[in-house]
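Chain and residue survey
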Amino acid sequence: MKKFLSTAVIVSMTLTLIITQTGCAGKAEPVSRTSYYMDTMCQIDIYDMEDMSEEKAASAIDDAFALCAEYEALLSATKEGSDIYRINHADGKPVECDPRTVEVIEKGLYYGKVSGGKFDITIGRAAALWDFHEADPQVPSKEAVKEAMKGVGYENVSIEGNTVTLGNADMELTLGGIGKGYVGDRAAEKLEAEGVTSAVVNFGGNIIVIGDKAGEDFKIGVEKPFTETGEIVGYVTVRDATVVTSGIYERGFEKDGHYYHHILDVETGWPCDTDVASVSLIGEKNTSADCDAMSTICLLLGVEDGVKFIESVEGVEAVFVDRDGNLTKTGGLTSFVEE
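Reference entry: report on the structure contained in this document. Remember, it's a predicted structure, so these values are computed and weren't measured experimentally.

**Let's talk about the pairing of strand 11 (residues 241-247)**
Moving residue by residue along a regular strand, the side chains alternate between the two faces of the sheet. The element strand 11 is largely enclosed, with a buried count of seven among its seven residues. Of the two faces of strand 11, the one holding A241, V243, T245 and G247 and the one holding T242, V244 and S246 are both buried throughout. For strand 8 (residues 206-210) and strand 11, the ladder comprises four bridges, and the chain directions are antiparallel. Residue pairing in the sheet places N206 in a bridge with V244 of strand 11. Pairing analysis gives seven bridges linking strand 11 to strand 14 (residues 276-284), with the strands arranged antiparallel. By the bridge assignment for strand 14, T245 is matched with S280.

What follows is the structure in structure tokens.
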């Protein structure tokens, strides 16, 4: 039964999960770097590695970020020349892709099937109508959303070898619900390959913990939705694990008294309307991509069905925060401490 959590002491983070860092006595501060990839702030903190030095740790982080840039150039829907961009602009013609791109698409299609179509990477056209970065974001017209939804249907994507074909010329892919976790997994693997034995990788709420911190677990705080003060609802303690949070508060805006967020219902193209404000999934270290997709699925399902879904998955636990601030945990999550 899901045993990768235990009790101990801390590190925390920024963005969706808060990680405040407190050093152990006699231990140096981590070597830390930040950069911006996949439309999010990315931070890597290295606490220890084989033959640890600041120079070697900084070099390992640079290599991990270089890998992030490489994947972004493959998976971005907006970068001209990327595999996803070429697929989306091929008018339904076959596109030869990098095998790594195919791997992410296949995983996205798998979660489309697992979720009964709730998670659908072919909602790209509708997603592109919502720009949450604008100073004055606008609500798209009902007509534009309806038109953009014509191509949605993950089952109409075909893959043969490394060739991807969209079965509908109106269809566009977006890997926003899974790509960040996938890249985080690969970045963590890169760090370990270069001798890193203790680190935290935080890609905008996708957190991967390598090893432990001087013999103690990392303590990951779960942020209270819709607060700007860094308040947390509680924390989990982990080592060699991933903690992924998705929430409707991460990206959104209010217009005419209504709040619009970035988690879209694949049946309507409009923000989903369930009772989940945020959900944090805890899984094994190399499952950030899976937890990324499953956290989105949970937001779309609602608390009750989301709990049932996660409890059907081996090796993953979750804590939900509903819109009234109530907490619900899956049955196997024994190491969550409520504040």
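**Things to note about unusual backbone geometry**
Residues other than glycine seldom take positive phi values, yet M38 does so here, at roughly 55°. Position of M38 relative to the elements: it lies in the loop between strand 2 (31-37) and strand 3 (40-49). Residue M38 is classed as buried on the basis of its relative accessible area of 19%. In this model, D240 sits at a positive phi of 45°, which is unusual for a non-glycine residue. Tracing the backbone through its elements, the reader meets D240 in the loop between strand 10 (232-238) and strand 11.

**Considering the pattern of salt bridges**
By the definition in use, this model includes 18 salt bridges. The shortest N-O distance in the salt bridge between R100 and E70 comes to 2.6 Å. Residue R100 is located in helix 3 (residues 99-114), and its partner E70 is located in helix 1 (residues 54-75); the two are separated by 30 residues in the primary sequence. The partner of R239 in a salt bridge is D217, with the nearest N and O atoms 2.4 Å apart. In this pair, R239 sits in the loop between strand 10 and strand 11 while D217 sits in the loop between strand 8 and strand 9 (218-223), placing the two residues 22 residues apart along the sequence. The exposure class of R239 is partly exposed, given its relative accessible area of 31%. Each member of the salt-bridge network shares a partner with another, and the members are E70, D98 and R100.

**Comments concerning the sheet that holds strand 6 (residues 163-166)**
Strand order in the open sheet formed by three strands is 4-6-5, with antiparallel pairing between adjacent strands. Edge positions in the sheet fall to strand 4 (95-96) and strand 5 (157-160), since each has one partner strand and no second. Relative to strand 6, strand 4 runs antiparallel, the two sharing two bridges. The residue of strand 6 that forms the bridge with V95 is V164. Sheet strands touched by helix 3: strand 5 and strand 6. Its angle to strand 5, the strand with the most contacts, is close to 135°.

**Considering the packing of aromatic side chains**
For the coordinates displayed, the defined rule picks out 12 aromatic pairs. For the ring pair F226 and Y259, a centre distance of 5.5 Å and an interplane angle of 80° mean the geometry is edge-to-face. Here F226, found in the loop between strand 9 and strand 10, pairs with Y259, found in strand 13 (residues 258-261); they are 33 residues apart in sequence, far enough to count as distant. On the basis of relative accessible area, Y259 is assigned to the partly exposed category, the value being 25%. Feature note: the residues W130, F132, F253, Y260 and W270 constitute an aromatic cluster, connected by ring pairs.

**Overview of the packing of helix 1 against helix 3**
Remark: helix 1 packs on helix 3, axes separated minimally by 10 Å, with the N-to-C direction vectors making an angle of 70°. Classified by the interaxial angle, the pair formed by helix 1 and helix 3 is roughly perpendicular. Relative to helix 3, the crossing made by helix 1 is right-handed. Of the residues in helix 3, those in contact with E70, Y71, L74 and L75 of helix 1 are R100, T101 and V104. Looking at the contact of helix 1 with helix 3 residue by residue, the classes come out as four nonpolar, one polar and two charged.

**Regarding the nonpolar core**
Nonpolar side chains in soluble globular proteins tend to be buried together. Residues I44, I46, I87, I105, L191, F203 and L281 are the most contacted members of the largest nonpolar core, which totals 71 residues. Sort the elements by how many residues they give to this core and helix 1 lands first, with 11 residues. Leave out the neighbours within four places in its chain, and I46 touches P30, V31, M52, A57, A60, I61, L191, V196, S198 and A199. Judged by nonpolar contacts, the second largest core, of 17 residues, contains V209, V233, V243 and V319.

Conventions adopted
- Residues numbered from 1 in each chain as written.
- Predicted model: local features only at pLDDT ≥ 70, side-chain atom pairs only at ≥ 80, totals over all residues.
- Heavy atoms only, no water.
- Buried < 20%, exposed > 50% of the residue type's maximum accessible area, 1.4 Å probe, protein only.
- Helix = DSSP H or I, 4+ residues; strand = E, 2+ residues; numbered from the N terminus.
- Pairing = 2+ DSSP bridges.
- Salt bridge = Lys/Arg side-chain N within 4 Å of Asp/Glu carboxyl O.
- Contact = heavy atoms within 4.5 Å.
- Axes fitted to C-alpha atoms, helices over the stretch in contact; angles between N-to-C directions.
- Phe/Tyr/Trp six-rings, centres within 6.5 Å; stacked < 30°, edge-to-face > 60°.
- Parallel < 35°, antiparallel > 145°, perpendicular 65-115°, else oblique.
- Left-handed = near helix turned anticlockwise from the far one by under 90°.
- Nonpolar A, V, L, I, M, F, W, Y, C, P; charged D, E, K, R; others polar.
- Core = buried A, V, L, I, M, F, W, Y, C linked by side-chain atoms within 4.5 Å.

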